[in-house]
Amino acid sequence: MTKIAVVTDLHANREAVEAVFAHARAQGATEWAFLGDFVGYGADPAWVVDQVREMVDAGAVAVCGNHDEAAVIGSTPQMRPEARMVIDWTRAQLDPGQLDFLAALPFQVQRDDVLYVHANAFAPSQWEYVQGRADAVRSIHATSCHYTFCGHVHEPRLYHLGATGKAGDFSPTPEVAIPLPGYRQWLVIPGSAGQPRDGNPAACYAMFEPDAQRITYHRVPYDHESAAAKIRAAGLPERLAARLAEGV
Ligand code: ZN
């Protein structure tokens, strides 16, 4: 039976990504989908890109995030100094092959009845956040797929829209399988693997079982102190290290 591990906002956090990969493999993942933001914030952009590139070569889905696009394009003078510094540092860590991989990522991928996109389905390259039910409905209306997976907001969330136009949303409880019946449309936000922001430092991802029509959100504790130590050692902004311990 198909089990799709959906991982987003990895943000160059090797320790978190290793923990998520190990957890998903132990859960029996048969497919992988990555919703972008492979780089930015963390200290291991090259390692994360290499891992994902290898998995894409083996059939995984991957789409482009705003941080991936920024690493490809480079910083601009209009950016805040901190953002500019992180982008320049990240770009300098990546070789031409890694940058080419990021540059070639599509903004969205549809497979069967599932749409994968970084920010939303209504304007995938504009990076608007899905911040509530109205945004989620707008995204769901932009696709005929019953299942949309997106990242970008770094907090796990689940939205649905019924055939009668009735919408709902909730914060999913981790480790509990949630039925996603096909008579509704669903927008699934697994939460960030590399920089969770809901007050829990454990890495997020979700496991989708399309045949059983259900999803399980997972939280995976990882060695965030090592990840933070590497951010400090690289000379990246202290705030990016400190927030990993808080999950904010
Ligand atoms: Zn992100």
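Refer to the preceding data block for the structure.
Our subject in this report is the structure included herewith. Values in this document were obtained by computation on a predicted structure and should not be read as measured data.

**Details of the pattern of salt bridges**
- A complete count under the given rule lists 11 salt bridges for this structure.
- With a closest N to O distance of 2.8 Å, Arg133 and Asp169 form a salt bridge. Note that Arg133 is positioned in helix α6 (residues 133–141) and Asp169 in strand β8 (residues 167–170), a separation of 36 residues in sequence.
- Judged by relative accessible area, which is 22%, Asp169 ranks as partly exposed.
- Salt bridges sharing common partners tie together Glu15, Asp44 and Lys230.

**A word on the environment of Ala19**
- For Ala19, the position within the fold is in helix α1 (residues 14–26).
- For the pair Ala19 and Glu209, spaced 190 residues apart in the sequence, the C-alpha separation amounts to 21 Å.
- With residues near it in sequence (within four places) discarded, Ala19 still touches Val220, Pro221 and Tyr222.

**What to know about the packing of aromatic side chains**
- Under the counting rule described, the total for this entry stands at eight aromatic pairs.
- Judged by centre distance (6.3 Å) and plane angle (10 degrees), the ring pair of Trp32 and Phe34 falls under stacked. One exposure class covers both Trp32 and Phe34, and it is buried.
- Three or more aromatic residues link up through ring pairs in this structure, and these residues are Phe21, Trp32, Phe34 and Phe38.
- The side chain of Arg138 reaches across the aromatic face of Phe122, ending 3.7 Å from its centre.

**Digging into the sheet that holds strand β4 (residues 108–111)**
- The strand order β4-β5-β6-β10-β7-β8 describes an open sheet built from six strands, whose pairing is mixed. Each having just a single partner strand, β4 and β8 make up the two edges of the open sheet. The average undirected angle you get between the axes of adjacent strands in this sheet is 15 degrees.
- Where strand β7 (residues 157–162) lies against strand β10 (residues 184–189), six bridges are found, and the strand directions are antiparallel. Within β10, the residue paired with His160 across the bridge is Trp186.
- Contacts from α6 reach β7, β8 and β10, with the element oriented near 60 degrees to β7.

**Side note on the coordination of the zinc ion**
- Looking at the zinc ion, the protein donor atoms are Asp9 (OD), His11 (NE2), Asp37 (OD) and His154 (NE2), and they sit 2.1 to 2.3 Å from it.
- The coordination sphere of the zinc ion comprises four donor atoms, whose angles at the metal cover 86 to 177 degrees; the geometry is irregular.
- Going along the chain, you hit the donors of the zinc ion in the pattern D-x1-H-x25-D-x116-H. With respect to class, Asp9 is no different from His11; both count as buried.

**A look at the packing of helix α7 (residues 224–233) against helix α8 (residues 238–246)**
- Close contact between α7 and α8 brings their axes to 8 Å; oriented N to C, the two are set at 175 degrees. The angle between the axes of α7 and α8 places the two elements in the roughly antiparallel class. Contacts between α7 and α8 involve His224, Ala227, Ala228, Ile231 and Arg232 from the first element and Glu238, Leu240, Ala241, Ala242, Leu244 and Ala245 from the second.
- Classifying every residue of the contact of α7 with α8 by side-chain character gives eight nonpolar, one polar and two charged.

**A short note on the sheet that holds strand β9 (residues 177–179)**
- Taking strand neighbours across the sheet as the criterion, the six strands line up as β3-β2-β1-β11-β12-β9 in an open arrangement whose pairing is mixed. One side of each edge strand has no neighbouring strand; the edge strands of this open sheet are β3 (61–62) and β9.
- Where strand β2 (residues 31–34) meets β3, two bridges bridge the pair, whose relative direction is parallel. From the neighbouring strand, Phe34 faces β3, where its bridge partner is Ala62.

**Section: the packing of helix α3 (residues 66–73) against helix α5 (residues 96–103)**
- Running from N to C, α3 and α5 cross one another at 130 degrees; their axes reach a closest spacing of 9 Å. The angle between α3 and α5 places the two elements in the oblique class. Our pair here, α3 against α5, has a crossing hand that is left-handed. Between α3 and α5, the contacting residues are Asp68, Ala71 and Val72 on the first element and Leu99, Leu102 and Ala103 on the second.
- A class-by-class count of the residues in the contact of α3 with α5 yields five nonpolar, no polar and one charged.

**Points about the layout of surface pockets**
- Considering only enclosed or pocket space, the largest pocket measures out at about 500 Å³ in volume.
- Residue lining of the largest pocket: 29 residues in total, with Tyr41, Asn66, His67, Ala83 and Ile87 positioned closest to the centre.
- Looking at the lining of the largest pocket, the elements with two or more residues in it are α3, α4 (81–93) and α8.
- Of the residues forming the lining of the largest pocket, the biggest block, six residues, is contributed by α3.

Conventions and cut-offs
Within every chain, residues take consecutive numbers counted from 1 along the sequence as written. For a predicted model such as this one, the threshold for reporting local features is a pLDDT of at least 70, and the threshold for listing and counting side-chain atom pairs is 80 or more; totals across whole chains, interfaces and linings nevertheless cover every residue. Only heavy atoms go into the side-chain values, all of them from the structure, while hydrogens and water stay out. Whenever a carboxyl oxygen of Asp or Glu lies within 4 Å of a side-chain nitrogen of Lys or Arg, that contact is scored as a salt bridge. Counting from the N terminus, the helices are DSSP H or I runs at least four residues long and the strands are E runs at least two residues long. Any residue under 20% of the maximum accessible area for its type is buried, any over 50% is exposed, and the rest in between are partly exposed; the area is computed with a 1.4 Å probe on protein chains only. We call two residues contacting when some pair of their heavy atoms lies within 4.5 Å. Only centres within 6.5 Å qualify two rings of Phe, Tyr or Trp (six-membered ring in Trp) as a pair; their planes then separate them into stacked at under 30 degrees, edge-to-face at over 60, and tilted for everything else. Definition used: whenever NZ (Lys) or CZ (Arg) falls within 6 Å of the ring centre and also within 35 degrees of the ring normal, the charge is taken to sit over that ring. At least two bridges found by DSSP between two strands are what make those strands a pair. A fitted line through C-alpha atoms serves as each axis, taken over the contacting stretch for helices, and the angle formed by two N-to-C directions is quoted from 0 to 180°. Any nitrogen, oxygen or sulfur atom within 2.8 Å of a metal ion counts as a donor, with the limit raised to 3.2 Å for Na, K and Ca, and since water is left out, coordination shells can look unfinished. A four-donor site is classed as tetrahedral when every donor-metal-donor angle falls between 85 and 135 degrees; four donors are called square planar, and six octahedral, when trans pairs exceed 155 degrees and all remaining angles lie between 65 and 115, with any other arrangement labelled irregular. The cut-offs work like this: below 35 degrees is roughly parallel, past 145 is roughly antiparallel, 65 to 115 is roughly perpendicular, and the gaps in between are oblique. Here the term charged refers only to Asp, Glu, Lys and Arg, the term nonpolar to Ala, Val, Leu, Ile, Met, Phe, Trp, Tyr, Cys and Pro, and the term polar to all other amino acids, Gly among them. What makes a crossing left-handed is the near helix being turned counterclockwise from the far one by less than a right angle; a clockwise turn instead makes it right-handed. Site definitions follow a grid-based scheme: protein atoms alone, a 1 Å grid, a 1.4 Å probe that fits but cannot get out for cavities, and for pockets an open set with protein on both sides within 12 Å along at least five of seven lines, plus lining residues having an atom within 4 Å of a point. Grid points are joined across faces, edges and corners, and a volume is the space filled by probe spheres set on the points.

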